[in-house]
Amino acid sequence: MCKSLDIHTHLSQLKDKISSYYADFPDTIHVSTALNKQEVDFHLDNNIPYWFAGCHPMDINNYTLFEPILIKLLESKKILGIGEIGLDKRFPNNQLQIEVFLKQLKLAEKYQMPILLHAYGSPYKIVDFLKRLVRIKKGVIMHGFKGSMEVFKELDKLEVYISLSNRILKPLKHREVVKAILATGRYFIESDYPYNGDLKETTLIAQKIEEDYRISGVMDRCIENFELIFGRHCGTISEI
């Protein structure tokens, strides 16, 4: 039975440490992410049970080669969904980013698979594309959200799930938007290991949220949301 859930990690970065990973985390599900062929091969070779695959904005020049791999994963139901995909102003080729993002959204629609979103500097563009293109109910997750109340309200209208991390919990300026996110019940917790957190920290984040915002059952809610979205793709957590 799962006791803790981390909705966004990069387990391929464990590399040679993967052999001891399951012994170290027997009660935790770390949902992983594969962003290129090498990472896909790692997840398949190591039988990672729960993972997304998708072309990140930084890898868009390789999408033509990656797309058939992604389609094969979707058809064989090896992955939970497509991600992390989106837009990022830090990388060049904005128009190509948009084209690749839209192609992956259309694949998500075709295969009716959940989406893990990446947004940096272009949240309203992503909201607009979701409004026009995505017809997937209760299957869109915004990873690493640290946006404004205005952006959250637009995502909330679309019933997007928000993934919380230390990035939004630390600054006091985000307190009101965090309260609003928690009030919807549509949220997850992530570490974004190894880039923004540690694999052990999601339980601690849940505890901090409960203390700071005076609510209970935060991790239980995350697990319930996971079962709600992904049960049809991977069975229930209790079967692990």
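Just so it is clear, the structure is predicted and the values come from calculations on it, not from any experiment.

## Let's talk about the packing of helix H6 (residues 149-157) against helix H8 (residues 175-184)
Then, number 1: The contact between H6 and H8 brings their axes to 10 Å, and the two run at 15°. In terms of orientation, H6 lies roughly parallel with respect to H8. You can see that H6 and H8 cross each other, and the crossing is right-handed. Contact with H6, carried on its side by Met149, Phe152 and Asp156, involves Glu176, Val177, Ala180, Ile181 and Thr184 of H8 and no other residues of that element.
Then, number 2: Residue classes in the contact of H6 with H8 are distributed as five nonpolar, one polar and two charged.

## A short note on H8
Three- or four-residue spacings in an α-helix give side chains the same orientation, since the helix completes a turn every 3.6 residues.
Then, number 1: Regarding H8, the residues found buried are Val177, Val178, Ile181 and Leu182. Down the axis of H8, the buried side of the element spans an arc of 140°, and every buried residue falls inside it.
Then, number 2: Buried residues in H8 make contact with H6, strand S8 (161-164), helix H7 (166-169), strand S9 (187-189) and helix H9 (201-213).
Then, number 3: Positive backbone phi, at 80°, marks Gly185, one or two positions downstream of H8.

## Notes on the side chain of His56
Then, number 1: Residue placement: His56 occurs in the loop between strand S4 (51-53) and helix H3 (63-76).
Then, number 2: The exposure class of His56 is buried, given its relative accessible area of 6%.
Then, number 3: Filtering out sequence-adjacent residues up to four positions away, His56 remains in contact with Leu35, Glu84, Phe91 and His118.

## Section: the packing of H3 against helix H4 (residues 94-111)
Then, number 1: Packing of H3 against H4 brings their axes to within 11 Å, and their N-to-C directions diverge by 15°. The orientation of H3 with respect to H4, classified from their angle, is roughly parallel. Crossing of H3 against H4: the hand is right-handed. Together, Tyr63, Glu67, Leu70, Ile71, Leu74 and Glu75 of H3 and Val100, Lys103, Gln104, Leu107 and Tyr111 of H4 make up the contact between the two elements.
Then, number 2: Looking at the contact of H3 with H4 residue by residue, the class counts come to seven nonpolar, one polar and three charged.

## A closer look at the sheet that holds strand S6 (residues 115-120)
Then, number 1: A sheet is described by the order of its strands in space; here seven strands give the open sequence S3-S4-S5-S6-S7-S8-S9, paired in parallel fashion. Edge positions in the open sheet fall to strand S3 (32-34) and S9, since each of these has one partner strand only. Ignoring strand direction, the axes of neighbouring strands in this sheet form an average angle of 30°.
Then, number 2: Where strand S7 (residues 140-142) lies against S8, two bridges are found, and the strand directions are parallel. Following the sheet pairing, Met142 is matched in S8 by Ile162.
Then, number 3: Set on the sheet, helix H2 (residues 37-45) makes contact with S3 and S4; between it and S3 the angle comes to about 135°.
Then, number 4: The strands that H3 touches are S3, S4 and strand S5 (81-88); relative to S4, the one it contacts most, it runs at about 145°.

## Some thoughts on helix H5 (residues 123-133)
Then, number 1: Within H5 the residues assigned to the buried category are Ile126, Val127, Phe129, Leu130 and Leu133. The arc that holds every buried residue of H5, seen down its axis, measures 165°, which confines them to one face.
Then, number 2: Where H5 is buried, its residues touch S5, H4, S6, S7 and H6.

## Let's talk about the packing of aromatic side chains
Then, number 1: On inspection of all chains with the given rule, the structure shows seven aromatic pairs.
Then, number 2: Judged by centre distance (5.6 Å) and plane angle (90°), the ring pair of Tyr50 and Phe226 falls under edge-to-face. Of this pair, Tyr50 sits in the loop between H2 and S4 while Phe226 sits in helix H10 (residues 218-234), placing them 176 residues apart in sequence.
Then, number 3: Judged by relative accessible area, which is 1%, Phe226 ranks as buried.
Then, number 4: Each ring, one from Phe101 and one from Phe129, has its centre 6.0 Å from the other, and the planes form 65°; the classification is edge-to-face. Of the two residues, Phe101 is situated in helix H4 and Phe129 in helix H5; the sequence distance between them amounts to 28 residues.

## Some remarks on the pairing of S8
Then, number 1: Because side chains alternate across S8, one face comprises the buried residues Tyr161 and Ser163, and the other comprises Ile162 and Leu164, equally buried.
Then, number 2: As a crossover connection, the stretch from S7 through H6 into S8 is right-handed.
Then, number 3: Where S8 and S9 come together, three bridges link them in parallel fashion. By the bridge assignment for S9, Leu164 is matched with Ile189.

Conventions used here
Residues numbered from 1 in each chain as written. Predicted model: local features only at pLDDT ≥ 70, side-chain atom pairs only at ≥ 80, totals over all residues. Heavy atoms only, no water. Axes fitted to C-alpha atoms, helices over the stretch in contact; angles between N-to-C directions. Helix = DSSP H or I, 4+ residues; strand = E, 2+ residues; numbered from the N terminus. Parallel < 35°, antiparallel > 145°, perpendicular 65-115°, else oblique. Left-handed = near helix turned anticlockwise from the far one by under 90°. Contact = heavy atoms within 4.5 Å. Nonpolar A, V, L, I, M, F, W, Y, C, P; charged D, E, K, R; others polar. Buried < 20%, exposed > 50% of the residue type's maximum accessible area, 1.4 Å probe, protein only. Arc of directions from axis to C-beta. Pairing = 2+ DSSP bridges. Phe/Tyr/Trp six-rings, centres within 6.5 Å; stacked < 30°, edge-to-face > 60°. Right-handed = clockwise from strand over helix to strand, strands pointing away.

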